[in-house]
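Descriptive analysis of the structure
If you want the building blocks of each chain, they are given just below.
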Amino acid sequence: MTHRLEQQIAFLNEADKLKQIIRGTTLCDASRYENSAEHSWHLTLYALVLSDQADADVDITLVIKMLILHDLVEIDAGDNPIFGTYDASDMAAKEQAAADRIFGLLPDDLRDSLRAIWEEFEAAQSPSAQFAKSLDRFQPPMQNLMSGGGSWVEYNVDEQTIAKRVGSKIAIGAPGLWAFASENIAGYFAERRKQ
């Protein structure tokens, strides 16, 4: 086996650890919490199916690459639920160190190209990155709606907190998805108030 192939396989074996990182969002049926690998896969499917929600200058192939790579750093840094409390600068430093280590397993050319995709996602400045970030924020509310509230119940969040922490991020890259989500979230909270 060549050294290059050994590096590629080492990276792929390391990426398998993402299956062990448990997120704060349950599956749609609320049977268990999802892991970060499942989340990444599901987001790539979201990108394929919801590509019509993207602006014309969004590169869906790049979005899919971003989404499959975006949470690899959680292997070292862990998941931080959006409604949890944590030090953002400390988490950013942990994620950068994780990116150094994990992408560093790859041959230099792959390390540089995949790390650049991850960095573009993190910066959320390009239209493709903004759409990818929107999907990353859109998927958990869809699962929470299906699971009877999921992390919203667990973290005792209200509609305004969801709009502030999630809605503003979705609206940047996918305003139509935020319109859909906000309507359904409002309906969910209206039903809860009746109970």
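A quick note: this is a predicted structure, and the numbers were derived from the prediction, not measured.

**Details of the side chain of E74**
Here E74 shows up in helix α4 (residues 74–77). One buried charged residue, E74, remains without a salt bridge, the closest side chain of opposite sign being R23 at 4.6 Å. The contact partners of E74, leaving out residues within four places of it in the chain, are L18, I21, S36 and D79.

**Some thoughts on the side chain of E95**
Relative to the elements of secondary structure, E95 occurs in helix α5 (residues 88–103). What E95 contacts, discounting residues up to four positions off in sequence, is V73, A77, W118 and E122.

**Details of the nonpolar core**
F103 and L135 are the most contacted members of the largest nonpolar core, which totals 46 residues. Those elements giving two or more residues to this core turn out to be α2 (36–49), α3 (60–69), α5, α6 (108–123), α7 (127–146), α9 (159–173) and α10 (175–194). Ignoring sequence-local partners within four residues, the contact set of F103 consists of F11, L69, L72, R111, L114, R115 and W118.

**Notes on the packing of aromatic side chains**
By the definition in use, this model includes six aromatic pairs. By way of ring pairs, the aromatic residues F11, F103 and W118 are connected into one cluster.

**Quick word on the environment of L72**
For L72, the position within the fold is in the loop between α3 and α4. Linking L72 and D16, residues 56 residues apart in sequence, is a C-alpha distance of 9.4 Å. Among residues more than four places away in sequence, those in contact with L72 are F11, A15, L18, I102 and F103.

**Concerning α6**
The end-to-end C-alpha separation of α6 is 22 Å, in line with the 22 Å expected for 16 residues at 1.5 Å each. All of the buried residues in α6 are L114, R115, I117, W118 and F121. Projected onto a plane normal to the axis of α6, the buried residues spread over an arc of 155° and lie on a single side. Of the surrounding elements, those touching the buried residues of α6 are α3, α5 and α7.

**Here's the deal with α2**
For α2, with 14 residues, the first-to-last C-alpha span of 20 Å sits near the 20 Å given by 1.5 Å per residue. Listing the buried residues of α2 in full gives S36, H39, S40, H42, L43, T44, Y46 and A47. In the core, the buried residues of α2 are packed alongside β1 (22–26), β2 (33–35), α3, α4 and α7. With a side-chain oxygen lying 3.0 Å from the backbone nitrogen of A37, the N-terminal cap of α2 falls on N35.

**Description of the layout of surface pockets**
Here the largest pocket defines a volume of roughly 870 Å³. Lining the largest pocket are 38 residues, and of these N80, I82, Y86, D136 and R137 lie nearest its centre. Mapped by element, the contributors of at least two residues to the lining of the largest pocket are β1, α5, α6, α7, α8 (150–154) and α9. In terms of residue count, the dominant contributor to the lining of the largest pocket is α7 (seven residues). The residue inventory of the lining of the largest pocket, partitioned by class, reads 17 nonpolar, ten polar and eleven charged. In this structure, the second largest pocket occupies an estimated 180 Å³ of space. For the second largest pocket, the full set of lining residues is F11, L12, A15, D16, L18, K19, A37, S40, W41, I68, L69 and L72. Contributing elements (two or more residues each) for the lining of the second largest pocket: α1 (3–15), α2 and α3.

Rules of the game
Residues numbered from 1 in each chain as written. Predicted model: local features only at pLDDT ≥ 70, side-chain atom pairs only at ≥ 80, totals over all residues. Heavy atoms only, no water. Helix = DSSP H or I, 4+ residues; strand = E, 2+ residues; numbered from the N terminus. Buried < 20%, exposed > 50% of the residue type's maximum accessible area, 1.4 Å probe, protein only. Lys, Arg positive; Asp, Glu negative; His and termini not counted. Salt bridge = Lys/Arg side-chain N within 4 Å of Asp/Glu carboxyl O. Contact = heavy atoms within 4.5 Å. Core = buried A, V, L, I, M, F, W, Y, C linked by side-chain atoms within 4.5 Å. Phe/Tyr/Trp six-rings, centres within 6.5 Å; stacked < 30°, edge-to-face > 60°. Expected span 1.5 Å × (residues − 1). Arc of directions from axis to C-beta. Polar contact = N/O pair within 3.5 Å; in protein donor to acceptor, adjacent residues only side chain to side chain. 1 Å grid on protein atoms, 1.4 Å probe; cavity = no way out; pocket = protein on both sides within 12 Å on 5 of 7 lines; lining within 4 Å. Points joined across faces, edges and corners; volume = space filled by probe spheres on them. Nonpolar A, V, L, I, M, F, W, Y, C, P; charged D, E, K, R; others polar.

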